[in-house]
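Structure at a glance
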Number of protein chains: 2
Amino acid sequence: MDVNLQSHFQAAVSVDNVIFGFDTNGLNVLLIYRGAEPYRDRWALPGDLIDLKTDTPDSAAVKVLRNLTGLEELYIDQIRTFGRLDRHPYGRVFTVAYFALIKTQDYSVEASSWAEQAEWFPIDNLPELPFDHNEIFNYAKELLKMKIRKQPIGFELLPKHFTLTELQRLYEAILEKEFDVRNFRKKILSMDFITDTGLKQHSVMHRPAKLYRYNFRKYAKLMTGGYDFDL
Amino acid sequence: MDVNLQSHFQAAVSVDNVIFGFDTNGLNVLLIYRGAEPYRDRWALPGDLIDLKTDTPDSAAVKVLRNLTGLEELYIDQIRTFGRLDRHPYGRVFTVAYFALIKTQDYSVEASSWAEQAEWFPIDNLPELPFDHNEIFNYAKELLKMKIRKQPIGFELLPKHFTLTELQRLYEAILEKEFDVRNFRKKILSMDFITDTGLKQHSVMHRPAKLYRYNFRKYAKLMTGGYDFDL
DNA sequence: CAAGTATATTGTAAAAAATACAATAATTCA
DNA sequence: TGAATTATTGTATTTTTTACAATATACTTG
């Protein structure tokens, strides 16, 4: 290979995942406790160097997510690439950041191959992160805000069956803004892609709420009709 | 360096720009005629390998754009990174795609250091592009559609002074959809970030249109008030 | 200079969507 | 049985969107 070209083929590329989860305490991010250098013993976004022989950025990000959660078929999407010159102490490493949503309820620490090293952190109380991970996280947070208003991805963060109040709390947590109960329900129901399951909460010491589920097929149908999701 | 690490530091990273321009014929993309291998003598997106010693993806993309147009201060934004295993015949090359908007009127082929090799192509009549450039272009086109509805970036594609009809044609070309003249004007003017310059067209053989300009300060003010641009 | 040509500009009524606002209902627990 | 707690629902007002066509202004030509 040409000497000129040679000088270009000396970069590494990694992926880093910003994994969001939602529970009664609000929005959380899944961080791992690094067991290896650099930045050993620091909480960081879960990520890995891409294996140049076998992986694309997408496949590498999916692998990280799968290893960490033991779950398949999660929502994941590329955010953007970060490439500051000094972002990695070992050399020139570009990182492709990803954005994932998981149902906290389905996630069990035990299923993870990095079990004891993973932990949920409330998004408003993150530790200082290594590399440019704070920057990546902030970018992801903004993206989540934007996406939630345009696409019905909120359901990826809720259990299969959920109440309208839970859905409202989710939107409020993400958008950092409160909605009127009546108007929120009217709007969500008018969009017509959640379905009443006929089930109710039980063992709650108040009027039990109806349980709904997200109906992807209805959503898909609306989209092909040029529908504009907005909140 | 560790052998294990060594195997990761063998990638190259490039940037590729999808540069949009607008004229009376509609939306165009700027392509260059490749003078070097691979894919010599093919029309392709302007791009370059990132110099690992000196450049970030952003700075590299700006350089490509500047070399090509001779212009400063253009609108440019990252799209996403593409990294199929076989996308480049010389090895593992990831490419960070960018999206740029330029005022065709300000662009002169002469100013370009690649002068004779650059040419505008109507977006609905592109040649077959090398690498994964067709995929990148399609992605960019969708992104443009999305962005134009959310941010006042259309003005980056128009001369400093423009008529409302030109603005409408621009939106129609990008969104592939026609708008009612009265409603379009009402909406645009209600947004209140374009200003009447007091000037008019001349030497047109019909009623001359008023010339407007984009008022960034007004827009910025609106945004801080939580305004939602939408069309 | 009058008529013709071509595009620019403007208003209004009806329908739809967004907003503001509070009373009643269903369950558990004591 | 009533107290506690959260779920559920409707209506009037305002704002936004939509549908729709007549008049205005410049240039050109005869």
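Okay, so let's go over this structure. (Residues numbered from 1 in each chain as written. Chains lettered and ligands numbered in written order. Predicted model: local features only at pLDDT ≥ 70, side-chain atom pairs only at ≥ 80, totals over all residues. Heavy atoms only, no water.)

Our focus in this paragraph is the protein's contact with DNA strand D. In the vicinity of DNA strand D there are 21 residues, among which A:Arg185, A:Lys186, A:His206, B:Lys200 and B:Arg207 approach most closely. Each atom of DNA strand D within 4 Å of the protein was classed as base or backbone; sugar and phosphate made up 46%. In this structure, a phosphate oxygen belonging to DNA strand D sits 2.8 Å away from a main-chain N or O atom of A:Lys210. Note that a base nitrogen of DNA strand D is positioned 3.3 Å from one of the side-chain N or O atoms of B:Asp180. Where the surface near DNA strand D is concerned, the elements lending two or more residues are helix H5 (181–191) of chain A together with helix H5 (181–191) of chain B. When the residues that make up the surface near DNA strand D are grouped by side-chain class, the tally is six nonpolar, four polar and eleven charged. (Near = heavy atom within 4 Å. Polar contact = N/O pair within 3.5 Å; in protein donor to acceptor, adjacent residues only side chain to side chain. Helix = DSSP H or I, 4+ residues; strand = E, 2+ residues; numbered from the N terminus. Nonpolar A, V, L, I, M, F, W, Y, C, P; charged D, E, K, R; others polar.)

Further remarks concern the interface of chain A and chain B. At the interface, 36 residues of chain A touch 36 residues of chain B. With both sides pooled, the region where chain A packs onto chain B buries about 2900 Å², and carbon together with sulfur makes up 61% of that total. Considering only the side of chain A, the residues that lose the most area to chain B are A:His8, A:Phe9 and A:Leu52, jointly responsible for 23% of the buried surface there. Counting the contacts that link chain A with chain B gives two salt bridges. With its nearest N and O atoms 3.6 Å apart, the salt bridge here joins A:Asp58 to B:Arg80. Applying the counting criterion to the chain A and chain B interface returns ten residue pairs in polar contact (both at pLDDT 80 or more). Elements with a contribution of two residues or more to the side of chain A that touches chain B: strand E1 (12–23), helix H2 (57–69), strand E5 (75–82), strand E6 (93–101) and helix H3 (133–150) of chain A. Ranked by residue count, the leading element in the side of chain A that touches chain B is E5(A), at four residues. The residue makeup of the side of chain A that touches chain B, split by class, is 15 nonpolar, nine polar and twelve charged. (Contact = heavy atoms within 4.5 Å. Buried area = accessible area lost by both parts, 1.4 Å probe. Salt bridge = Lys/Arg side-chain N within 4 Å of Asp/Glu carboxyl O.)

Turning next to the protein's contact with DNA strand C. The full set close to DNA strand C counts 21 residues, and A:Lys200, A:Arg207, B:Arg185, B:Lys186 and B:Lys210 are the nearest of them. The contact atoms of DNA strand C, taken as those within 4 Å of the protein, divide so that sugar and phosphate hold 46%. Between a base nitrogen of DNA strand C and a main-chain N or O atom of A:Arg207, the distance comes to 3.2 Å. If you list the elements that add at least two residues to the surface near DNA strand C, you get H5 of chain A together with H5 of chain B.

A separate point is the pattern of salt bridges. Inspection of every chain in the model, using the stated rule, returns 24 salt bridges over all chains. The partner of A:Arg87 in a salt bridge is A:Asp16, with the nearest N and O atoms 3.9 Å apart. Of this pair, A:Arg87 sits in the loop between E5 and E6 while A:Asp16 sits in strand E1, and the two are 71 residues apart along the sequence. In this pair, the class of A:Arg87 matches that of A:Asp16, namely buried. One salt bridge connects B:Lys210 with B:Asp196, and the closest N-O pair in it is separated by 3.7 Å. One end of the pair, B:Lys210, is in strand E9 (residues 210–214); the other, B:Asp196, is in strand E8 (residues 194–200), and 14 residues separate them in sequence. Residue classification places B:Lys210 among the partly exposed residues on the basis of a relative accessible area of 47%. Where salt bridges share partners, they join A:Asp16, A:Arg87 and A:Asp132 into one cluster. (Buried < 20%, exposed > 50% of the residue type's maximum accessible area, 1.4 Å probe, protein only.)

Moving on to the packing of H3(A) against helix H4 (residues 164–175) of chain A. Residue and element names in this part refer to chain A. Contact geometry of H3 with H4 gives a least axis separation of 9 Å together with a crossing angle of 140 degrees. With respect to H4, the element H3 is oriented oblique. As H3 runs across H4, the sense of the crossing is left-handed. Residue-level inspection shows Leu144, Lys145, Ile148 and Arg149 of H3 in contact with H4, the latter providing Tyr171, Ile174 and Leu175. (Axes fitted to C-alpha atoms, helices over the stretch in contact; angles between N-to-C directions. Parallel < 35°, antiparallel > 145°, perpendicular 65-115°, else oblique. Left-handed = near helix turned anticlockwise from the far one by under 90°.)

With that settled, the discussion passes to the packing of aromatic side chains. Throughout the structure, instances matching the rule amount to 28 aromatic pairs over all chains. On the numbers, 4.3 Å between centres and 0 degrees between planes, the contact of A:Phe155 with A:Tyr214 is stacked. With a gap of 59 residues between them, A:Phe155 in the loop between H3 and H4 and A:Tyr214 in strand E9 (residues 210–214) connect regions that are remote in the sequence. Among the aromatic residues, those joined into a ring-pair cluster are A:Phe20, A:Tyr75, A:Phe99 and A:Phe137. The cationic tip of A:Lys147 hangs over the ring face of A:Phe99; the distance from NZ or CZ to the ring centre is 5.2 Å. Looking at B:Arg80, its charged tip hangs above the ring of B:Phe82, at a distance of 5.7 Å from the centre. (Phe/Tyr/Trp six-rings, centres within 6.5 Å; stacked < 30°, edge-to-face > 60°. Lys NZ or Arg CZ within 6 Å of the ring centre and 35° of its normal.)

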